[in-house]
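In case you want the letters, here they are:
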Amino acid sequence: LANAPDDNGRSSRVKQAEDYSHRFRLAYGMAALAVGALTAGWAIVFAFMQAWSLVVMDGAVVTVAFVSFLLARRHQFSAALLFSQISFFVITVVFCLLFDVPSEAAPRVSHLFLLVLALLGYINYRRESSALQLVIVGLCLAAFVVFASTNAALPFAEPIADHFRLYGSWVNTIIAVAMLCGGVYAMQREFARDLDQVREIKAALTNREFELFYQPQVDETGGLTGAEVLLRWKRPGGGYVSPAEFIPIAEQAGLMPRIGDWVLTQACKTLAAWQQEEATRGLKIAVNVSVDQFMEANFVDAVLNRIRTLELDPTLLKLELTESMMATDVATIVEKMRALRAAGITISLDDFGTGYSSLSHLRQLPIHEIKIDRSFVQDAPGNKRNRLLLKSIFDIANMLELSVVAEGIETKEQLLLLKSFGCTA
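1. Considering the overall build of the protein
Regarding its fold elements, the protein presents 15 helices and 8 strands. The C-alpha atoms of the protein give 28 Å as radius of gyration, which overshoots the globular expectation for 425 residues (22 Å, by more than 25%). Viewed in the frame of its principal axes, the protein has a C-alpha envelope of about 90 × 50 × 40 Å. Nonlocal contacts in the protein, meaning residues at least 24 apart in sequence, comprise 72% of its contacts between residues at least 6 apart. Roughly 21,400 Å² of accessible area belongs to the protein as shown, and the carbon and sulfur atoms make up 61% of that amount. Placing the 38 positive and 43 negative side-chain charges of the protein at their respective mean positions leaves the two points 2 Å apart.

Shown next as structure tokens:
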């Protein structure tokens, strides 16, 4: 359990991106090699024609394709995509303005590859959302519209001879359409897979296939203080499915409020049962809350109603909220946190140091504790910078009178180091 994702999918987006990148990287590497080989062939043809400016352009394409392939092989996939997208965009625009100038005999066709780049940008945006990808998609589409609607060219353009461009137009159009079809097919496969998983997740909720595990939380002496709820999906006749595999799909489908509501309900029932036993009466239960669930209009009322109905001690319920919430409406989040805190519920800021919060957010958020992400803990004993960061986090927490919980402590060295900083949980 210590090595499993210890929430309703905190690290799920990262895991999904890695899995998606692996498949995408293979396809991208092969496409880069194909583009490089094809362009190298054109470069040889242009060399025989002594069209050296075109040879230079093709050489640039081959170089970009080769560098992109190497970056992808070295698992620098995001860098490879951005490098190739920006480079190919510039090369295509320059080629259209200098060489692929339309005439009555032959149309311009190189701008069709801008649609391929736009599609690639959208696929990458689904893999890893970023504003830069949207900008690239927008530029590609805008440039396509301009080149498709006008005869735009530079004053010093050197158009390729019409008789040669007639053949090239057929070849480039076929290649561009084939690449678009390949991209659409890949997207269709992904969408179909996601839709199947959405149906399975909905069925899992109906058929009660979800289960909760409870990961112990302990103090510096090893004494049990409570537990954190872990969500798992047990397929009929199969093993357990990690949240990293199904939470991203549930988030995209808007199912997290339903799933989170079920998790919170079951956790509260468990807490009610614990209150009836002497050995577990004082233990806390920590429940992760997704952004979509927390931002539901009736979330606070729903939590307080459960507490009243089950006659729970609200101080034993801990709600863990991730830093990613800070990217939404901070004012609304603070208002809801204050209402929950006023009722006695403990509010914890999860994965501290990896998300969107700043010191100003930390100062205004009505939270009780912060949880240090395991990434800070893992290398701390042998990494001076990580040790200094950890020490700074504890200093800040002490000044703000916040408790600190450390995740991912797996060695004696890590434990002793955190104890030296004053870590008690």
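2. Quick look at a nonpolar patch on the surface
Taken together, Leu 132, Val 135 and Leu 139 make up a surface patch of nonpolar side chains, about 250 Å² in accessible area. With respect to the helices and strands, the residue Leu 132 is situated in helix H5 (residues 131–149). Given the relative accessible area of 41%, Leu 132 is considered partly exposed.

3. Regarding the nonpolar core
Core analysis: the biggest nonpolar cluster contains 70 residues, and Ile 259, Leu 319 and Ile 370 have the highest contact counts within it. Sorting elements by how many residues they give to this core places helix H8 (residues 256–275) first, with 9 residues. If we skip the residues at most four places from it in the chain, Leu 319 touches Leu 264, Val 287, Val 289, Phe 299, Leu 340, Ile 345, Thr 346, Ile 347 and Ser 348. Counting residues in each nonpolar core, the second largest holds 28 residues, with Leu 54, Val 61, Leu 98 and Phe 147 among its members.

4. Considerations on the side chain of Ser 68
Among the secondary structure elements, Ser 68 is positioned in helix H2 (residues 52–73). What Ser 68 contacts, discounting residues up to four positions off in sequence, is Tyr 28, Ala 80, Phe 83 and Ser 84.

5. Quick look at helix H10 (residues 299–310)
Here H10 contains 12 residues, and its C-alpha end-to-end distance of 17 Å stays within 8% of the 16 Å for a straight helix at 1.5 Å per residue. Residues of H10 that are buried make contact with H8, strand E4 (284–289), helix H9 (291–294), strand E5 (317–322) and helix H11 (330–342).

6. Some remarks on the side chain of Asp 373
Within the fold, Asp 373 resides in the loop between strand E7 (369–372) and helix H13 (374–378). For Asp 373, the side chain forms a polar contact with the side chain of Ser 375, separated by 2.5 Å.

7. Here's the deal with the pattern of salt bridges
Taken as a whole and assessed by the stated rule, the structure comprises 10 salt bridges. Among the ionic pairs, Asp 196 bridges to Arg 199, the shortest N-O distance being 2.3 Å. Taken together, the positions of Asp 196 and Arg 199, both in helix H6 (residues 162–206) and 3 residues apart, correspond to about one turn of that helix. Owing to a relative accessible area of 52%, Arg 199 belongs among the exposed residues under this scheme. Salt-bridge contacts for Glu 369 lead to Lys 318; the nearest nitrogen and oxygen are separated by 3.1 Å.

8. A few points about the environment of Asn 288
Relative to the helices and strands, Asn 288 is located in strand E4. Asn 288 gets classed as buried once you look at its relative accessible area, which sits at 5%. Sequence separation between Asn 288 and Ile 372 is 84 residues, and the spatial gap between their C-alpha atoms is 15 Å.

9. Side note on the packing of H2 against helix H3 (residues 77–98)
Their axes nearest at 8 Å, the elements H2 and H3 cross at an angle of 170 degrees. As far as their axial angle goes, H3 and H2 are roughly antiparallel. Two secondary-structure elements touch here, H2 through Leu 54, Met 57, Ala 60, Val 61, Val 64, Ala 65, Val 67, Ser 68, Leu 71 and Ala 72 and H3 through Phe 77, Ala 79, Ala 80, Phe 83, Ser 84, Ser 87, Phe 88, Ile 91, Val 94 and Phe 95. Taken together, the residues of the contact of H2 with H3 break down into 17 nonpolar, 3 polar and no charged.

10. Some points on the environment of Glu 211
Tracing the sequence through the fold places Glu 211 in strand E1 (residues 210–218). When the C-alpha atoms of Glu 211 and Val 229 are compared, they prove to be 9.9 Å apart, with 18 residues separating the residues in sequence. Leaving out residues up to four positions away in the same chain, Glu 211 has contacts with Leu 230, Leu 231, Arg 232, Lys 234, Tyr 240 and Trp 262. A distance of 2.8 Å separates the side chain of Glu 211 from the side chain of Tyr 240, its partner in a polar contact.

11. A look at the environment of Gly 36
Inspection of the secondary structure puts Gly 36 in helix H1 (residues 12–48). Using a relative accessible area of 10% as the deciding quantity, one classes Gly 36 as buried. A sequence separation of 146 residues divides Gly 36 from Gly 182, and the C-alpha atoms of the two residues are 17 Å apart.

Procedures and definitions
- Residues numbered from 1 in each chain as written.
- Predicted model: local features only at pLDDT ≥ 70, side-chain atom pairs only at ≥ 80, totals over all residues.
- Heavy atoms only, no water.
- Helix = DSSP H or I, 4+ residues; strand = E, 2+ residues; numbered from the N terminus.
- Rg over C-alpha atoms; globule rule 2.2 N^0.38 Å.
- Contact = heavy atoms within 4.5 Å.
- Areas by Shrake-Rupley, 256 points an atom, 1.4 Å probe, with all protein chains shown as cover.
- Lys, Arg positive; Asp, Glu negative; His and termini not counted.
- Charge placed at Lys NZ, Arg CZ, Asp CG, Glu CD.
- Patch = residues over 30% accessible without salt bridge, like charges linked within 9 Å, V, L, I, M, F, W, Y side chains within 5 Å.
- Salt bridge = Lys/Arg side-chain N within 4 Å of Asp/Glu carboxyl O.
- Buried < 20%, exposed > 50% of the residue type's maximum accessible area, 1.4 Å probe, protein only.
- Core = buried A, V, L, I, M, F, W, Y, C linked by side-chain atoms within 4.5 Å.
- Expected span 1.5 Å × (residues − 1).
- Polar contact = N/O pair within 3.5 Å; in protein donor to acceptor, adjacent residues only side chain to side chain.
- Axes fitted to C-alpha atoms, helices over the stretch in contact; angles between N-to-C directions.
- Parallel < 35°, antiparallel > 145°, perpendicular 65-115°, else oblique.
- Nonpolar A, V, L, I, M, F, W, Y, C, P; charged D, E, K, R; others polar.

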